[in-house]
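Chain by chain, the residues run as shown.
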Amino acid sequence: MDTFPQQVVLLKSAESIGGNCMMPPCRLKIILNSIFLLMLVLSMVQITPVSALINYTSFAIGNSLVACSSVAFGAAKNFGVGIYPYSVTVSDFNGDGSQDLATANYQSHTVSILLGNGAGSFGAATNFGVATFPSSIATGDFNNDGMQDVATSNFLSNNVSVLLGNGTGSFSAATNFGIGLGPYDIVAGDFNSDGMQDLATANSTSNNISILLGDGTGGFSAAMNFGAGLNPSSIAIGDFNGDGRQDLTATNGGMNNISILLGDGTGSFGPSTNFGAANFPFFVAVGDFNGDGKQDLTANNHADSVAILLGNGTGSFGTATYFGVGIGPAAIVVGDLNGDGKQDLVTANLHGDNVSVLLGSGAGSFGAATNFGVGTSPLSVAVGDFNGDGKLDLATANHNSNNISILLNTCNTVAPTVVSTSLLASNVGTGPATFTVTFSEAVNNPAGNTNKDDVTNPNNYLLVNTGANSLVETASCSGGVVADDIRITVTSVIYDSGTFTSRVTLASALPPGKYRLFVCGTTSIVDIALTPLNNGAFDYIFGFVVTPGSLSLPDTGFAPNRITSLSAQPSNIAYMKLDDIWMEIPALNVKANIVGVPKLNNTWDVDWLGNDTGWLNGTAFPSWDGNSVITGHVYNASGLPGPFANLKSLKYGDQIIIHLYGGQYIFEIRKTLLVRPGTTDYALQHLEDNSFLTLITCQGYNEKNNSYRFRRIVRAVLIEVRDE
């Protein structure tokens, strides 16, 4: 099960859909089996496969989740289902973008489907028959038609039932597949890396795990069984040794431990390794509780507590630590309930008729439990965003009241903060002409840019330079600019509501000096609820310097597939029109105009090139003896490929033709290489013995800091001159 610190309902990446990546939430559940008196309560775990979340993208929990100072839920709303619901899961069964629910109903031998309206309410249950005594439910796309299907593990039938969905919330008749004895729990994954959904069950009576490999049409292979501990009651998926292959974990109530089975990526698993977890562990979930990028485990038990076992990333786990919860915890789920980026826990408490919420510290420990009432005898709990507000809500399957309880998250928002800026503490040669500021949540952006609380109001970004005394003395936005300091004009601010990021544009690139930026919290910026930045107590402050330096290579690329707004080009760096001169690269099918780019503060600003190429003034003029340097965008400000998008594919012997005043100057490539942006020696090399042409562009876009890691350098030499 892939888990991440930001939230629970997750899409790891677009390529994961229907493939190798599993994720929480997951529904974790428990099964009450009156036939086996030794185990009054046994639990199940269920993990939603990636394909089950194809239609979840509209919830955008990752970006819209609002940070909360505490966690709170409204009173439970109940919706009827079949008899003895043991397990609940979340998916979108009718493709409307709203989250729906499904339960496995142990006594009525059915699955209940409840379609959500996107506002926190659900329609009447529609029931579909399965084999006898279904104890757990999983969702996935088992026939690759893009519609959500369901599968149940059937405790007394010793099989699984698969029901194929038609995309409207209805399902086909069940098809059954044999497995081990006493299957309590079921999960869906891709265990042989073929892109088709497989199934795994925890079989408490036969003390093993069954694997059924899917064929992509809704059918499954004969079960392969792998030994676990005594009475495995719950199963979950993860990658515990970091090899990119799906592994399994199961709770063994009869042995007071948890089994780990490492997958080999072909559908087979190694022998189980067991790790201690006291007091009859019966339900397991996977997360990253200490933020180290390695998957950890949690399991609840009969001592009214949950165990935490921190993983080391090699498939091994540390000694369990325990945290108290409500009475009779029957299931557990992982999620970020208060939006602080740290994983929290929720247990369904069978004997307390409530759920316990434990907020995570991000270091592997948890706070005291807070309880919220639900229906009678909850056996299972799941998370989702049922009203589309970007906060994780809860759903429980209540065994004795034959219903589902919905608890909508009403957490109290905390103040917005600045989480990052693209500014660098130290800059050489010239400072930025633009920079970004990213906030922790959505901030106020009314029409226009003059509202004092508007994130796009330039006055909310106070940038000052030192005055005559060489000191920055301005201390806050509310205090204003100290007389000796010099205020730098912010010409425009553009806000991206999807990433909570402002792009701040200055009149020109900053010259050498000492600077301090204030993003105003003491006077201005507020979130959607009008809570001031940093609660109005202080500004975000970032100090930086620009020092004189040697030449630097131009930044020749924008973010791919994304529009970058540019201010008007400053007059002091206007490009020179070079009449009757253009470039041709036959191997790339490129033809582009050449303009002259002036040098300012030891570099060249090429933001406004568009689909032209730019000759760097100060290098040899094209066709003259010496080294003529020409640059072009790999991606332009519209997010589209620029003239040098494929420069990296050029090779020795390819030609570059400069068309100049009725002649063709044919250059042949001699070398192509990658350098760091600050490495100028080769690109700007002083050459006199021939006519050389050097092309420069960016390569290796880094999404995290919106920059390119490298510069691609192509060096060519003049070999021939022809008439047009």
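Residues numbered from 1 in each chain as written. Predicted model: local features only at pLDDT ≥ 70, side-chain atom pairs only at ≥ 80, totals over all residues. Heavy atoms only, no water.

*Asks:* With reference to specific residues and values, describe the packing of aromatic side chains.
*Replies:* Under the defined criterion, the tally for this structure stands at 22 aromatic pairs. Relative to Phe-366, the ring of Phe-289 has its centre 5.6 Å away and its plane inclined at 75°; by these criteria the two rings are edge-to-face. Of this pair, Phe-289 sits in the loop between strand 20 (283-287) and strand 21 (296-300) while Phe-366 sits in the loop between strand 26 (354-358) and strand 27 (370-373), and the two are 77 residues apart along the sequence. Like Phe-289, the residue Phe-366 is buried in the burial classification. Ring centres of Tyr-515 and Phe-544 lie 5.3 Å apart, and the angle between their planes is 15°; this geometry places the pair in the stacked category. Separated by 29 residues along the polypeptide, Tyr-515 in strand 38 (residues 513-519) and Phe-544 in strand 39 (residues 540-547) bring together distant segments of the chain. The buried category is assigned to Tyr-515, whose relative accessible area is 3%. (Phe/Tyr/Trp six-rings, centres within 6.5 Å; stacked < 30°, edge-to-face > 60°. Helix = DSSP H or I, 4+ residues; strand = E, 2+ residues; numbered from the N terminus. Buried < 20%, exposed > 50% of the residue type's maximum accessible area, 1.4 Å probe, protein only.)

*Asks:* Account for the pairing of strand 12 (residues 183-189), naming residues and giving values.
*Replies:* Within strand 12, seven of the seven residues are buried, which leaves it mostly tucked inside the rest of the structure. Note: strand 12 against strand 13 (residues 198-203), six bridges, orientation antiparallel. Its bridge partner being in strand 13, Ile-186 is matched across the sheet by Thr-201. (Pairing = 2+ DSSP bridges.)

*Asks:* For the environment of Leu-462, give the residues involved together with the corresponding values.
*Replies:* As for its position among the elements, Leu-462 is in strand 34 (residues 461-465). Note on Leu-462: relative accessible area 3%, which makes it buried. Spatially, the C-alpha atom of Leu-462 lies 7.3 Å from that of Cys-520, the residues being 58 residues apart in sequence. Residues in contact with Leu-462, not counting those within four places in the same chain, are Thr-474, Ser-476, Cys-477, Val-481, Arg-487, Arg-516, Leu-517, Phe-518 and Cys-520. (Contact = heavy atoms within 4.5 Å.)

*Asks:* Now, about the nonpolar core: what can you tell me, with residues and values included?
*Replies:* Residues Phe-73, Leu-345, Val-346 and Leu-394 are the most contacted members of the largest nonpolar core, which totals 30 residues. Breaking this core down by element, the ones donating at least two residues are strand 20, strand 22 (305-309), strand 24 (329-335), strand 25 (344-349), strand 26 and strand 28 (378-384). Per element, the largest residue contribution to this core is four residues, and it comes from strand 24. Setting aside residues up to four positions removed in sequence, Leu-345 forms contacts with Phe-289, Thr-298, Val-306, Ile-308, Ile-332, Val-333, Val-334, Ser-356, Val-357, Leu-358 and Phe-366. Grouped together as the second largest cluster of nonpolar side chains are 26 residues, Leu-423, Leu-463, Val-504 and Val-546 included. (Core = buried A, V, L, I, M, F, W, Y, C linked by side-chain atoms within 4.5 Å.)

*Asks:* I'd like a rundown of a negative patch on the surface, residues and numbers included.
*Replies:* A cluster of acidic side chains, namely Asp-579, Asp-580, Asp-723 and Glu-724, defines a negative patch on the protein surface. Relative to the elements of secondary structure, Asp-723 occurs in strand 49 (residues 707-723). (Patch = residues over 30% accessible without salt bridge, like charges linked within 9 Å, V, L, I, M, F, W, Y side chains within 5 Å. Areas by Shrake-Rupley, 256 points an atom, 1.4 Å probe, with all protein chains shown as cover. Salt bridge = Lys/Arg side-chain N within 4 Å of Asp/Glu carboxyl O. Lys, Arg positive; Asp, Glu negative; His and termini not counted. Charge placed at Lys NZ, Arg CZ, Asp CG, Glu CD.)

*Asks:* Which residues make up empty space enclosed by the protein, and what values go with them?
*Replies:* As enumerated under the stated definition, the model contains one cavity of 30 Å³ or more in all. A volume near 60 Å³ is recorded for the largest cavity. What lines the largest cavity is simply Ala-433, Thr-434, Thr-505, Leu-506, Ala-507, Leu-566, Ser-567, Pro-570, Asp-607 and Trp-608. (1 Å grid on protein atoms, 1.4 Å probe; cavity = no way out; pocket = protein on both sides within 12 Å on 5 of 7 lines; lining within 4 Å. Points joined across faces, edges and corners; volume = space filled by probe spheres on them.)

*Asks:* I'd like a description of unusual backbone geometry, backed by residues and values.
*Replies:* Non-glycine residue Tyr-84 carries a positive phi angle of around 60°. With respect to the helices, strands and loops of the structure, Tyr-84 is situated in the loop between strand 3 (77-80) and strand 4 (85-91). Using a relative accessible area of 30% as the deciding quantity, one classes Tyr-84 as partly exposed. Phi at Tyr-661 is positive, roughly 50°, even though this residue is not glycine. Structurally, Tyr-661 can be placed in the loop between strand 46 (655-660) and strand 47 (663-675).

*Asks:* Give me the environment of Ser-272: which residues, what numbers.
*Replies:* Checked against the element boundaries, Ser-272 lands in the loop between strand 18 (257-261) and strand 19 (273-276). On the basis of relative accessible area, Ser-272 is assigned to the partly exposed category, the value being 26%. When the C-alpha positions of Ser-272 and Ile-258 are compared, they lie 9.3 Å apart, and in sequence the two are 14 residues distant. Residue contacts for Ser-272: discarding those within four places in its chain leaves Gly-227, Ala-228, Ser-259, Ile-260 and Leu-261.

*Asks:* Go over the state of the cysteines with me, naming the residues and quoting the values.
*Replies:* Under the counting rule described, the total for this entry stands at one disulfide. Each sulfur of the disulfide joining Cys-477 and Cys-520 lies 2.0 Å from the other. Of note, the bridge from Cys-477 to Cys-520 carries an S-S torsion of about -80° and is left-handed in sense. Highlighted residues: Cys-477 in the loop between strand 34 and strand 35 (486-488) and Cys-520 in the loop between strand 38 and strand 39, separated in sequence by 43 residues. The buried category is assigned to Cys-477, whose relative accessible area is 12%. (Disulfide = S-S within 2.5 Å.)

*Asks:* Now, about the sheet that holds strand 27: what can you tell me, with residues and values included?
*Replies:* Strand order in the open sheet made by the four strands is 24-25-26-27, with antiparallel pairing throughout. At either margin of the open sheet sits one strand with a lone partner, and together these are strand 24 and strand 27. With direction set aside, neighbouring strand axes in the sheet form an average angle of 25°. Summarising the sheet, strand 25 and strand 26 pair through five bridges and their orientation is antiparallel. Looking at strand 26, one finds that Ala-348 is bridged to Val-355. (Axes fitted to C-alpha atoms, helices over the stretch in contact; angles between N-to-C directions.)

*Asks:* Give me the lowdown on the confidence of the model for the protein, citing residues and values where you can.
*Replies:* Residue-level pLDDT values for the protein average 85, and 89% of them are 70 or greater. Predicted confidence for residues 1-66 stays below pLDDT 50, and this span has 281 contacts to residues more than four positions away or in other chains. (pLDDT = per-residue confidence, 0-100.)

*Asks:* Explain the environment of Val-504 residue by residue, including any values.
*Replies:* Tracing the sequence through the fold places Val-504 in strand 37 (residues 501-506). The class for Val-504 is buried, based on a relative accessible area of 0%. Each C-alpha atom of the pair Val-504 and Thr-456 lies 8.6 Å from the other, and the pair is 48 residues apart in sequence. The contacts of Val-504, once residues within four sequence positions are left out, are Ala-433, Thr-434, Phe-435, Tyr-461, Val-490, Ser-492 and Val-493.

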